[in-house]
Amino acid sequence: MALLAEKPLSYALRENARVISALVVRSAVTRFGESRLGFVWILVEPAAYVGIFLLIHTQLKAHVPFGDNALLFILAGVFGFRMTRGISRKTERAIMSNQPMLTYPLVRPLDTLVATFLLETTIWLIICGLFMGGLAISLDRDVIVYPGEFAEGMAAILYFAFSFAAFNATMSALVPRYDTFLSMLTMPLMLMSGVFFMPAEMPPGFQAVLWWNPFLHCVEWFRTSTYLDYHALLSKPYLLGLSTALLTSALMLERLFRRKIID
């Protein structure tokens, strides 16, 4: 009886893996098939963020918020935020982008989220490796001083990005104009995520407001791996707890309103 029960489960897992693999390929073709410059633009975007800040920093002759290198500080902040938001933003649009595919019985809304998440994660990990590796070569020193902390931070960032995207994707499919509301939040979230400043140096009242922004904790967790003595405004339990709550809510909503989401 046990063998009979294992066969359908293993078959279902293989079929699900095939569906997700096909969706990954479809997403990749949609993302880069029409233009060979698609991947180049993804590289240019974070470079533009860093370049604009460094230009402002040079013109104003401002001090480095922390450490001895403005490029490292800003690059860590840009990736802490842009990677998290970039992955989640693309993933949360997966259901709407793959709406025709949901008419097939084997394809579920969650499959489209997982496929897009895997593709975007791969892209951003490559970009992060290129930029951080290039910076390490140019500075002739290690920029990831705590590899274990970096691995934990990346896992937490990806967990939050997927959870945030799953919740937003479900809500966007159920609530009109929800996606427009999310778009309006991107810039305020970035400005309040400590990308261009050190949150721990802000007044206590301002810190209390910043603390509720989960993207701030993503940025701070990323930075703790790049400095030996960085004082972070970071709550790991808050980020992980919020991620779990968002993912649980998303899975419950998707299961309860799957027919409405598909239609």
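Residues numbered from 1 in each chain as written. Predicted model: local features only at pLDDT ≥ 70, side-chain atom pairs only at ≥ 80, totals over all residues. Heavy atoms only, no water.

> Is there a simple way to explain the overall build of the protein in this structure?
A tally of helices and strands in the protein yields 11 helices and zero strands. Element order for the protein, N to C, with α for helix and β for strand: α-α-α-α-α-α-α-α-α-α-α. Looking at the protein as a whole, 44% of its 263 residues qualify as buried. Pairs at least 24 residues apart make up 75% of the contacts formed inside the protein by residues separated by at least 6 positions. (Helix = DSSP H or I, 4+ residues; strand = E, 2+ residues; numbered from the N terminus. Buried < 20%, exposed > 50% of the residue type's maximum accessible area, 1.4 Å probe, protein only. Contact = heavy atoms within 4.5 Å.)

> Explain the side chain of Arg223 here, please?
Considering the arrangement of structural elements, one finds Arg223 in helix H9 (residues 214-224). Not counting residues up to four positions away in its chain, the partners in contact with Arg223 are Phe73, Ala76, Gly77, Gly194, Val195, Phe197 and Tyr230.

> Would you mind going over the packing of helix H6 (residues 147-174) against H9 with me for this structure?
How two helices sit against one another is set out by the angle between their axes and by the gap between those axes. Look at H6 against H9: their axes get within 8 Å of each other, and the N-to-C directions meet at 160 degrees. Classified by the interaxial angle, the pair formed by H6 and H9 is roughly antiparallel. In the crossing of H6 with H9, the sense of the turn from one axis to the other is left-handed. When H6 is examined against H9, the residues Glu149, Phe150, Glu152, Gly153, Met154, Ala156, Ile157, Phe160 and Phe164 are found in contact with a partner set consisting of Pro214, Phe215, Cys218, Trp221, Phe222 and Thr224. Among the residues forming the contact of H6 with H9, the class breakdown is 11 nonpolar, two polar and two charged. (Axes fitted to C-alpha atoms, helices over the stretch in contact; angles between N-to-C directions. Parallel < 35°, antiparallel > 145°, perpendicular 65-115°, else oblique. Left-handed = near helix turned anticlockwise from the far one by under 90°. Nonpolar A, V, L, I, M, F, W, Y, C, P; charged D, E, K, R; others polar.)

> Which parts of the structure should I look at to understand the nonpolar core?
Generally speaking, soluble globular proteins have nonpolar side chains that are buried together. Counting 62 residues, the largest nonpolar core has Phe79, Met83 and Phe222 as its most contacted members. For this core, the secondary structure elements donating two or more residues are helix H1 (2-32), helix H3 (70-92), helix H4 (94-97), helix H5 (109-139), H6, helix H7 (178-191), H9 and helix H10 (236-256). If one sorts the elements of this core by residue count, H6 sits on top with 13 residues. (Core = buried A, V, L, I, M, F, W, Y, C linked by side-chain atoms within 4.5 Å.)

> Where do I start with the confidence of the model for the protein in this structure?
Detailed reading of the predicted coordinates is not advisable wherever pLDDT falls low. Of the residues in the protein, 86% have a pLDDT of 70 or more, and the chain-wide mean is 82. In the predicted structure, residues 1-6 sits below a pLDDT of 50 and forms zero contacts with residues beyond four places in sequence or in another chain. (pLDDT = per-residue confidence, 0-100.)

> What's the story with unusual backbone geometry in this structure? I'm lost.
Trans peptide bonds make up the majority, and among non-glycine residues the majority have a negative phi. Despite not being glycine, Asp140 shows a phi value in the positive range, around 60 degrees. In this fold, Asp140 is placed in the loop between H5 and H6. Even without being glycine, Arg177 reaches a positive phi, approximately 70 degrees. Looking at the element boundaries, Arg177 is found in the loop between H6 and H7. Residue classification places Arg177 among the exposed positions, given a relative accessible area of 72%.

> Would you explain the packing of aromatic side chains in this entry?
For any pair of aromatic rings, the description rests on two quantities: the centre-to-centre distance and the angle between the ring planes. Within the structure shown, the criterion is met by 13 aromatic pairs. Here the aromatic rings of Phe81 and Phe215 are separated by 5.3 Å at their centres, their planes lie at 55 degrees, and the arrangement is tilted. Of the two residues, Phe81 is situated in helix H3 and Phe215 in helix H9; the sequence distance between them amounts to 134 residues. You'll find Phe81 and Phe215 in the same group, each marked buried. Ring centres of Trp212 and Tyr238 lie 6.0 Å apart, and the angle between their planes is 90 degrees; this geometry places the pair in the edge-to-face category. Placement of the pair is Trp212 in the loop between helix H8 (204-210) and H9 and Tyr238 in helix H10, with a sequence separation of 26 residues. These aromatic residues form a ring-pair network of at least three members: Phe81, Phe160, Phe164 and Phe215. (Phe/Tyr/Trp six-rings, centres within 6.5 Å; stacked < 30°, edge-to-face > 60°.)

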